[in-house]
Amino acid sequence: MSRILILPGDGIGPEITAEARKVLDCLVRDGGLELELDEALVGGAAVDAQGDPLPASTLQAAHDADAVLLAAVGAPRYDTPDRALRPETGLLRLRKGLGLYANLRPATLMPGMAHASSLKPEKLEGLDLLIVRELTGGLYFGEPRALAEHDGRRRGVNTMVYDEDEISRIAHSAFQAAQLRSRRVCSVDKANVLEVSELWRTVVGEIAQEYPDVELSHLYVDNAAMQLVAEPTQFDVMVTGNLFGDILSDIAAQLTGSIGLLPSASLNEKRQGLYEPVHGSAPDLAGTGQANPLAMILSVGMMLRYSLQQADAADAVEGAVRDVLEQGLRTADLADGGEAVGTVQMGDAVIDALKGRLGS
Ligand code: IPM
Ligand code: MG
């Protein structure tokens, strides 16, 4: 029995969560999986109900689960100067609280999507890259950090810091991921300027010795950003720190033509994971029934693969999403002004395709 904690969060979160739940129910009913589903509050929804974007009860439930499925957090009405009450703070505390240091962000071209990219379709042939982003260290969490006064002027301070063990464990994640793919890792840093990057490059190089079957290269982050939009198919796995990974993964998402199709996984040492779509809570779309549930459903696929060791079920879910795209079904974000289906219709189509793949 695997325990899954579901966190619908804000904006379109609850709507896309409902479709992911249908997929999980189908896997239990027709796929023979044993899952126990629980639900809790996070983000603005948790601020409204309990005055805290990550209530202690939610963090405890996350600790107790094998995997956490999160939709999205945030909406303009929750923007406040009090950082502790922002929905994003709930997400960051959840990442840190569970020790989810390895963030896997695949960017794959799905059927029929090349035209939606801002790059020429021929640049995207075979695009299949995985960004492995360090998620619990670096500039996001480094101390000291402050908004302060200094010599009568306002000063903002953050610190980019990595200890060698933080670098080596994310390097292991990247090399191991590459062993299941095309066996190439590109490490991204700013070693020409930053000491923290100099250490990063050294440690990644040391860990590489343990993976002689994987080819390692290094790029400075500015060049990496340029290469990503110039020749994106040269990459297999890219490994990088928290801030650089935040930026590069948005570029990679745009390459695929739809951020509405990208899932992500964040794993800790116990392979507990947090699974979430790369897209945000899209508050403008909330309640319209038009949100795209596919990235959320693909996040279920990643959860099956990485935390629940259910590769066949993961293949079935990912296959079902490909099936509906090949059938030509599009939510509004993918439809390019053409005919679009709503959130629930898209979810139902995935269930039909999934049942076919599960042989029921
Ligand atoms: C992401 C987001 C978050 C981040 C924000 C919402 C805190 O941009 O998951 O990439 O910067 O990590
Ligand atoms: Mg980001």
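Counting of residues starts from 1 at the beginning of each chain's written sequence and follows it residue by residue. Following the order in which they are written, the chains are lettered starting with A and the ligands numbered starting with 1. With the structure being a predicted model, the display of local features is reserved for residues of pLDDT at least 70 and the display and counting of side-chain atom pairs for 80 or more, all residues being used for whole-chain, interface and lining totals. Heavy atoms from the whole structure form the basis of all side-chain values; hydrogens and water molecules are not counted.

Draft legend 1. Region of interest: the packing of aromatic side chains. Pairing of aromatic side chains here covers Phe, Tyr and the six-membered ring of Trp, requires ring centres within 6.5 Å, and sorts the geometry by plane angle: under 30 degrees stacked, over 60 edge-to-face, intermediate tilted. All chains considered together, the criterion is met by two aromatic pairs. Where Phe175 meets Tyr211, the ring centres are 5.1 Å apart and the plane angle is 15 degrees; that geometry is what we call stacked. Highlighted residues: Phe175 in helix α5 (residues 164–179) and Tyr211 in the loop between α6 (195–208) and β9 (215–220), separated in sequence by 36 residues. Judged on exposure class, the residue Phe175 and its partner Tyr211 are both buried. Whether a charge sits over a ring depends on NZ of Lys or CZ of Arg being within 6 Å of the ring centre and within 35 degrees of the ring normal. Between Lys96 and the ring centre of Phe141, over which it is positioned, the NZ or CZ distance is 4.7 Å. For helices the rule is a DSSP run of H or I covering at least 4 residues; for strands it is a run of E covering at least 2, with both sets numbered from the N terminus onward. Partly exposed describes any residue whose relative accessible area lies between the buried limit of under 20% and the exposed limit of over 50%, with all areas from a 1.4 Å probe on protein chains only and scaled to the type maximum.

Draft legend 2. Layout of the nonpolar core. Joining through side-chain atoms within 4.5 Å is the link that ties buried Ala, Val, Leu, Ile, Met, Phe, Trp, Tyr and Cys residues into a set, and such a set is a nonpolar core. Val23, Leu69, Phe175, Tyr275, Leu294, Met303 and Leu304 are the most contacted members of the largest nonpolar core, which has 90 residues in total. With nine residues, the top contributor of residues to this core is helix α9 (residues 294–306). Contacts are assigned to residue pairs with any non-hydrogen atoms lying within 4.5 Å of each other. In contact with Leu294, not counting residues within four places along its chain, are Gly260, Leu261, Val321, Val324, Leu325, Met346 and Val350. One finds Leu7, Leu54, Ala65 and Leu91 within the second-largest nonpolar core, a separate group that totals 16 residues.

Draft legend 3. Main features of the site of ligand 1. All residues adjacent to ligand 1 are Glu88, Arg95, Arg105, Arg133, Tyr140 and Asp246. One nitrogen or oxygen atom from the side chain of Arg105 is found 2.7 Å from an oxygen atom belonging to ligand 1. Within the side chain of Tyr140, a nitrogen or oxygen atom sits 2.6 Å from an oxygen atom of ligand 1. For accessible areas, the Shrake-Rupley method is used with a probe of radius 1.4 Å. Any residue's cover is judged against the shown protein chains and nothing else. Here ligand 1 has 320 Å² of accessible area as a free molecule, and 71% of this is covered by the chains. In this analysis a 1.4 Å probe is tested at points of a 1 Å grid over the protein atoms alone, and where it fits but cannot get out there is a cavity; an open set with protein on both sides within 12 Å along at least five of seven lines is a pocket; lining residues have an atom within 4 Å of a point. Placement in a cavity or pocket follows one criterion, namely that more than half of the molecule's atoms lie within 2 Å of its grid points. According to the grid-proximity analysis, the pocket containing ligand 1 is the largest pocket. Here the term charged refers only to Asp, Glu, Lys and Arg, the term nonpolar to Ala, Val, Leu, Ile, Met, Phe, Trp, Tyr, Cys and Pro, and the term polar to all other amino acids, Gly among them. Classifying every residue of the shell around ligand 1 by side-chain character gives one nonpolar, no polar and five charged. Note on terminology: near, applied to a residue and a molecule or strand, indicates that one of the residue's heavy atoms is within 4 Å of it. In protein, a polar contact means a hydrogen-donor-capable atom and an acceptor-capable atom, both N or O and within 3.5 Å, with residues adjacent in sequence counting only if both atoms are side-chain atoms; elsewhere, any N or O pair within 3.5 Å suffices.

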